[in-house]
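An overview of the molecular structure
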Amino acid sequence: MTTLKSKLQEDLTAAIRARDELTSSTLRLTLTAITKEEVGGKTARELSDDEVQKVIAKEAKKRREAAEAFTQGGRTESAEREKLEGAILDAYLPQQLSDDELNAIVGQAVEEAKAAGAEGPRAMGAVMKIVNPKVAGRAEGGRVATAVKRLLAG
């Protein structure tokens, strides 16, 4: 078993013992999503820590989107719960890049792409290929794409 998955299970056990309903339900759902990912496909396999981290990131993103939807729908209690669940999951993810750090990485990638001959909005794919490995897990794709578009537009 991967170390991140075992940490989630240990934290789930601790949350159940502490009768922390929010944390235990959040971790249960996350572990279920991990198990679903492991058994999905043609053969069952065990996920690496990086793959487990991607599943956790996907679950955290779902929580943020649900909180936003609940807020727009006027359901503040449900939105607040989703935000708290997202915060619990964020503790298992690497520190997110600040806007300044992200812009610096994207700026370097734009320069590299220009040096390779790609310019303007058409260079988006080339720049994303350079940026994605550098920011993997530390910035959402939407944030990265927005920063790349902004810098390519001038």
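Before reading further, recall that the structure is shown in the block above.
Owing to the predicted nature of the structure, the values given are computational and were not obtained by experimental measurement.

Residues Leu102, Val127, Val131, Val135, Val144 and Val148 are the most contacted members of the largest nonpolar core, which totals 19 residues. For this core, the element with the most residues is helix H5 (residues 99–115), which contributes six residues. Residue contacts for Val144: discarding those within four places in its chain leaves Leu102, Met128, Val131, Asn132, Val135 and Ala139. Counting 17 residues, the second-largest nonpolar core is a separate cluster that includes Ala33, Val52, Ile56 and Leu89.

Let us now look at the environment of Thr35. Secondary-structure assignment places Thr35 in helix H2 (residues 21–39). Judged by its relative accessible area of 36%, Thr35 is partly exposed. In the structure, Thr35 is positioned 92 residues away from Val127 in sequence and 34 Å away in space, judged by C-alpha atoms.

So, on to the side chain of Lys5. Within the secondary structure, Lys5 sits in helix H1 (residues 3–17). Contact partners of Lys5, with chain neighbours within four places excluded, come to Leu31, Ile34, Thr35, Glu38, Asp49 and Val52.

In this section: the environment of Gly125. If you trace the backbone, Gly125 turns up in helix H6 (residues 124–135). Classification of Gly125 as partly exposed rests on a relative accessible area of 42%. For the pair Gly125 and Ala113, spaced 12 residues apart in sequence, the C-alpha to C-alpha distance is 9.6 Å.

Once that is clear, we can look at the packing of H1 against H2. The interhelical angle for the contact between H1 and H2, taken along N-to-C directions, is 150°, at an axis separation of 9 Å. Relative to H2, the element H1 lies roughly antiparallel. Crossing handedness for the pair H1 and H2: left-handed. Counting all contacts with H1, which are made through Lys5, Leu8, Gln9, Asp11, Leu12, Ala15 and Ile16, the residues of H2 involved are Thr23, Ser24, Leu27, Arg28, Thr30, Leu31, Ile34, Thr35 and Glu38. Looking at side-chain class alone, the contact of H1 with H2 contains seven nonpolar, five polar and four charged residues.

About the thresholds
Counting restarts for each chain: residues are numbered from 1 in the order of the written sequence. This being a predicted model, a pLDDT of at least 70 is required before a residue's local features are given, and a value of 80 or more before pairs of side-chain atoms are given or counted; all residues contribute to the totals for chains, interfaces and linings. In computing side-chain properties, one takes all heavy atoms of the structure into account and sets aside hydrogens as well as water. Definition of nonpolar core: a set of buried residues of the types Ala, Val, Leu, Ile, Met, Phe, Trp, Tyr and Cys, connected through side-chain atoms within 4.5 Å. The classification of residues rests on relative accessible area computed with a 1.4 Å probe and restricted to protein chains. Under 20% of the type maximum is buried, over 50% is exposed, and intermediate values are partly exposed. Helix and strand labels come from DSSP, where a helix needs a run of H or I of at least four residues and a strand needs a run of E of at least two; each type is numbered from the N terminus. In this analysis, two residues are considered to be in contact whenever any of their non-hydrogen atoms come within 4.5 Å of each other. Angles shown run from 0 to 180 degrees and are taken between the N-to-C directions of axes, each axis being a line fitted to C-alpha atoms and, for helices, limited to the stretch in contact. Geometric relationships in this document are graded by angle, where less than 35 degrees denotes roughly parallel, more than 145 denotes roughly antiparallel, 65 to 115 denotes roughly perpendicular, and other angles denote oblique. Note on convention: near helix rotated counterclockwise from far helix by under a right angle means a left-handed crossing. Clockwise means right-handed. Residue classes follow a fixed rule: Ala, Val, Leu, Ile, Met, Phe, Trp, Tyr, Cys and Pro count as nonpolar, while Asp, Glu, Lys and Arg count as charged, and any other residue, Gly among them, counts as polar.

The quantities given are spatial measurements derived from coordinates; they are silent on function.
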